[in-house]
Amino acid sequence: MKFETVIGIEVHCELKTKSKMFSSAPVSFGKKPNTQVHAIDLAMPGTLPSVNQKAVEMAIRVCHALHMDIQDLLSFDRKNYFYADLPKGYQITQHYHPIGSHGYIEIDVNQENMRIDIERLHLEEDTAKLTHLSDESLIDYNRAGIPLIEIVSKPQIKNSLQACAYLEALRYLFIYTDVSDAVMAQGSMRCDINISLKPETSQQYGVKVEIKNLNSLSNVQKAIDYEIQRQTALLLDGKPILQQTRRFDEKTQTTVAMRNKETTADYRYYPEPNILPIKLDSKWIQQIKDKLPLLPKQRKDIYINQYQLSYNDARILIDHKELSDFYNQTVQICPHYQLVCHWLIGDVLSYLNKSHQSIHAILHVEDFAKLMHFVADKTLSTKQAKQVLELMMTKHKDPVSVIEEYHFQQINDDHILMKVIDEILDYQPDLIKEYSQGKTKIVGFLVGQVMQKTNGQANPQKTNQLLMKELEKRKQ
Amino acid sequence: MKVYSIESLHDAFQSGKVEPKDYYQQIYKEAQFQQKRLNAFAYTTFGKAEKDLKNADFQNILSGIPYVLKDNLCTQNIYTTASSRMLEDYIPTYNAHVVDLLERQGCCLIGKSSMDELGMGFTNMTALTGPVYNPWDVSRIAGGSSGGSAALVASGLIPFALGSDTGDSIRRPAGYCGVVGMKPTWGRVSRYGLIPYASSLDTIGALTRNVRDMAIVMKNISGHDHRDMTSSFQSVPRYFHHLSLDISHLKIAFFKNIYDSLTDLQMKKIFDDMVVLLKQQGAKVDEIDFPERYLKSLVPVYNIIANGESTSNHACLDGIKYGMREDEKSIEDIVIQSRSRGFTKSTQQRFILGMLVLKEENQEKMFRKSQKVRRLIVEELNHIFQHYDLIISLNSDSIAPHIQDAMKKSSSLVDAQLLLANLAGLPSLTLPCGFVDDMPVAINLTGRLFEEQTVLNCAYALENVLPFKNQYVRGDHFEI
Amino acid sequence: MKDIEFLKQLAYDARLSISDEDMPSLIDAYKDFMDQIQILEDIETEGVEPLVFPFESQNYYLRLDDVEDIMEVDDVLKNAKEVQEQQVKVPKVVNS
């Protein structure tokens, strides 16, 4: 019997606002425990939540990027449960009216486009952090109240490859919309996978298993592959699949059961009575849309279809948002699309990787565009341009001053070049003889000599032309 | 100790007739006397009062005026227990918004007043510090849940106190103790820093001995606060300056079915007299019907909503980050045992019933059902307010019960009517209007949303023709 | 008996434990409460939307994303019963 895998994914993403979802305590990481806390985050009796505008704006940004319907009457609900990391005894979330619904994202699976529908996006708050010691647990409230968006996909994902592509696409979306750093290893982006298997011929979904604790894409892939294998084996044996929450175990590279879910938990959701519904200004919602930067998918389409970049080159640019932004700005001034791309993903990117610096710290768009012009119109040779670029990046200078200071200007003047050529040929009559005997290879050697004499400033093409002409002349 | 209203004490301080330091010494002494008699303080905060007094310049009307806060209003570095064992040693790190406002005015806090646990009750018998006794007769209850505030204002010790009102918690004790008590429109006064009972019903209000003082206090605690996302942006009128004795344009209604339910002839007579007095001043007073089925549903709707909201409002009280913590092996046992020992049995029952109504499978027929009936009741009231400015009724169908009978009293229709103002968020004021068996009786006036001024004006006019303005009972004759 | 089990579960949901001694009064309160709920059943609410707040009202205000009012660590921890390494200490929480 053949089985079909049905996967739905819930993604949580921490928003990089300055302050928390419902309090004015800072959102920051790696600080000493309990130093980033407001009385509201600690659920001090009498405190009331106050909704962060920026968090709402960021959620709307992502909603737009996911082509969602946006609920313009913002409302919140309580999700009631007791847990040591939940100070209020309930989490404020959006159960009944999520801010975003009915969206989709286009993902790229092995260079094939695929569309995944998204059910909902809602705002909520993070819990405190528990650290487990041998006999006790310690609670740090710094994380409590950090804004989160939760994105729930439709169960349309069929395998681990698609799941990873989906997560990757979302991760880029968060980065491009500038709402989060979305680092899975650090927990600023998290996911829960719901997975079930059903016979290919069946219309009915199988028993759903939830996998938690997935902190990298590779673990997502391994967990799903393992789970498909495990569930297939059970089904073939005629054994039941239990409705469970499982977690991925790094050591064994398998999933292990955390708890059985015979009954679904009753969270007693009800509307938050401390926050009146908030009417969002439709103009504001539109403005947020208008200010949205070009998204990865849009950029990819432009790069490949309009700028004729290769798929791989386009991918490399998009993988580095800063670089892609820089590229877009550069080609506005200097529309040599492929040239600019190759220089950026080549020399510039490798320098950035080496120096761990941001591109904006070492290069100005205008300067780089100027350099690209010099390369395009052959004012500079490739070799020269590389040297100029390096000096621009290390000394933070514009190309013109680098060229002047380090005498990089190419010599195009026939007069000057001829003087050098004459000098060389006058002292080496044998070479002309060799040339007249048909050894045309010596032209390259002679160009090299001219370059040497001019400290590499001679225009090689021009030198080549002039040399040929002169040699022909002297041959007679 | 001479007893003053806010206005007269302000004048006395400003004119130099009364030396503030001396006066406060008298207050401290009197407070100790009243505490023995009434048990109305949860704590006294004389040290804080001294500090506040130093900052007072006696320029503003409230500067240098002594007051008490119900113990569910958070005070920075001063115990705030909401009368729950769970919070017996809890010290807030911040002030409630209203406390900030009054501090800024120069008010001097002399204590935190006793209340029913978490504001849940109307007797003040469940207070952590024991029952509060009625100043007029210490064998009777002061009523609750703002019983301490009401008793202390009624004793003449202080000219005003703050309380909170979720069902009737300011107005009931005000009526039993013969003082003026008012809850404003929901959203008028920021709830930031009020340890809640039920968020959609809770309001912070005040108790005073006359309507002019009420207008002063109400103005000073009202207004938008960005920390409360239910706080209204509507501007707050200068109530005091707009007080008027002319009520000839007012149209007033009372409910026939509630009036008919009155069995005590003395009570009925008092209410009849009030109607006459209002009519004499030119107001139009009509007897109208309020659907019986809605009247009967007031208590159920209130209980379902209040229990549902409170069970989650108080889920934060788990003994982990603050409050009482029982020593147990597992965290779950810590939470269960702390809560089981930290809350009174009646509070626990409310939480359990709250869990019942919020259960997903029950919500439609319990919690949401009550919210739907709430809408019907509110719509009915809106309809009445299209034709009338105010609704009046007796504050209670009886005087304050004796302590031994307090818990037995079941809620009458008259009592239940006070819930209307909370379900609909309306401003509502209770004014002393008579005596039965030497105990005070009161009338309640409820107005349209954000029309506190109309309520105050009508009360002002009525107070003016009644002999109960500024009444208090120090209790020299009941000395223990 | 069924009621008792049910009420014990509800009590657990509220993280409360009800002793046998307190059970009768809880059952009374429960029965009284169910009677109250019964009263509402007689009111027709078909097509009526629940009223969450005392009146229909909307807000237009959102808090600006500014940092203020950070608590001192001492204040965060001063009401906690057990503290270790600047954190609130509890017995080990096992995943549930």
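Just so it is clear, the model here is predicted, and its values are computed rather than measured.

### So, the interface of chain A and chain C
How big an interface is tends to be expressed through the accessible area that disappears when the partners come together. Counting residues at the interface gives 40 residues for chain A, matched by 32 residues for chain C. Residue assignment for the side of chain A that touches chain C shows that the elements contributing at least two residues are helix 1 (53-65), strand 8 (129-132), strand 9 (136-140), strand 14 (254-260) and strand 16 (278-279) of chain A. Among the elements that line the side of chain A that touches chain C, the one with the most residues is strand 9 of chain A, at 5 residues. Among the residues forming the side of chain A that touches chain C, the class breakdown is 20 nonpolar, 12 polar and 8 charged. As paired elements, strand 9 of chain A and strand 2 (residues 87-91) of chain C share 4 bridges and run antiparallel to each other. Within the sheet, the bridge partner assigned to Leu-138 of chain A lies in strand 2 of chain C and is Lys-89 of chain C.

### Things to note about the sheet that holds strand 1 (residues 3-14) of chain A
Residue and element names in this part refer to chain A. Read across the open sheet, the 9 strands follow the order 2-6-7-10-1-11-12-13-14; overall the sheet is mixed. Each end of this open sheet is capped by a strand with a single partner; those strands are strand 2 (69-70) and strand 14. Relative to strand 7 (residues 112-125), strand 6 (residues 100-109) runs antiparallel, the two being bridged by 9 bridges. Bridge pairing links Ile-107 to Met-114 in strand 7.

### Focus: unusual backbone geometry
Across the junction of Gly-144 of chain B and Ser-145 of chain B, the peptide omega takes the value 5°, indicating a cis bond. For Ser-145 of chain B, the location among the structural elements is in the loop between strand 5 (137-141) and helix 5 (147-154). Not every positive phi belongs to a glycine, and Gln-111 of chain A is a case in point at roughly 70°. Tracing the backbone shows Gln-111 of chain A in the loop between strand 6 and strand 7. At Asn-213 of chain A, a residue that is not glycine, the phi angle is positive and equals roughly 65°. Looking at where Asn-213 of chain A falls in the secondary structure, it is placed in strand 12 (residues 209-214). Overall, the presence of 19 C-beta atoms within 10 Å leaves Asn-213 of chain A in the partly exposed class.

### A closer look at the nonpolar core
Core analysis: the biggest nonpolar cluster contains 256 residues, and Ala-59 and Ile-193 of chain A together with Ile-352 of chain B have the highest contact counts within it. The biggest single contributor to this core is helix 2 (residues 160-176) of chain A, with 9 residues. Those residues in contact with Ala-59 of chain A that sit more than four places away from it in its chain are Ile-99, Leu-121, Leu-123 and Ile-149 of chain A. In terms of nonpolar packing, the next biggest core, distinct from the first, is built from 32 residues, Tyr-327, Val-340, Phe-374 and Met-392 of chain A among them.

### Section: the interface of chain B and chain C
Counting residues at the interface gives 52 residues for chain B and 42 residues for chain C. Where the side of chain B that touches chain C is concerned, the elements lending two or more residues are helix 10 (292-313), helix 11 (331-342), helix 12 (345-358) and helix 14 (367-385) of chain B. Residue contributions to the side of chain B that touches chain C peak at 10 residues, all from helix 14 of chain B. Its residues assigned to classes, the side of chain B that touches chain C shows 26 nonpolar, 13 polar and 13 charged.

### Points about the domain arrangement of chain A
Residues and elements named next belong to chain A. Once the domains are mapped, chain A shows domain 1 (3-282), domain 2 (294-405) and domain 3 (414-475). Each of domain 2 and domain 3 has a C-alpha centre, and the two are 34 Å apart. Of the residues lining the interface, 4 residues belong to domain 2; the matching set on domain 3 comes to 4 residues. Broken down by class, the residue content of the side of domain 2 that touches domain 3 amounts to no nonpolar, 2 polar and 2 charged.

What counts and how
- All chains use their own residue numbering, which begins from 1 and follows the written sequence.
- Each chain gets a letter, beginning with A, and each ligand a number, beginning with 1, in the order they are written.
- Under the rules for a predicted model, residues below a pLDDT of 70 receive no local features and side-chain atom pairs below 80 are neither given nor counted, while totals for whole chains, interfaces and linings still include all residues.
- Any pair of residues counts as being in contact when their C-beta atoms, constructed from backbone geometry, are within 7 Å of one another.
- Note on conventions: DSSP H or I runs of at least 4 residues are helices, E runs of at least 2 residues are strands, and numbering of each starts at the N terminus.
- Here the term charged refers only to Asp, Glu, Lys and Arg, the term nonpolar to Ala, Val, Leu, Ile, Met, Phe, Trp, Tyr, Cys and Pro, and the term polar to all other amino acids, Gly among them.
- Note on pairing: DSSP must find at least two bridges between two strands before they are called paired.
- Any residue whose C-beta has 12 or fewer other C-beta atoms within 10 Å is treated as exposed, any with 20 or more as buried, and any in between as partly exposed, C-beta atoms being built from the backbone.
- The term nonpolar core refers to a set of buried Ala, Val, Leu, Ile, Met, Phe, Trp, Tyr and Cys residues connected through C-beta atoms within 7 Å.
- Residue ranges assigned to each domain were obtained from an automatic or database domain assignment.

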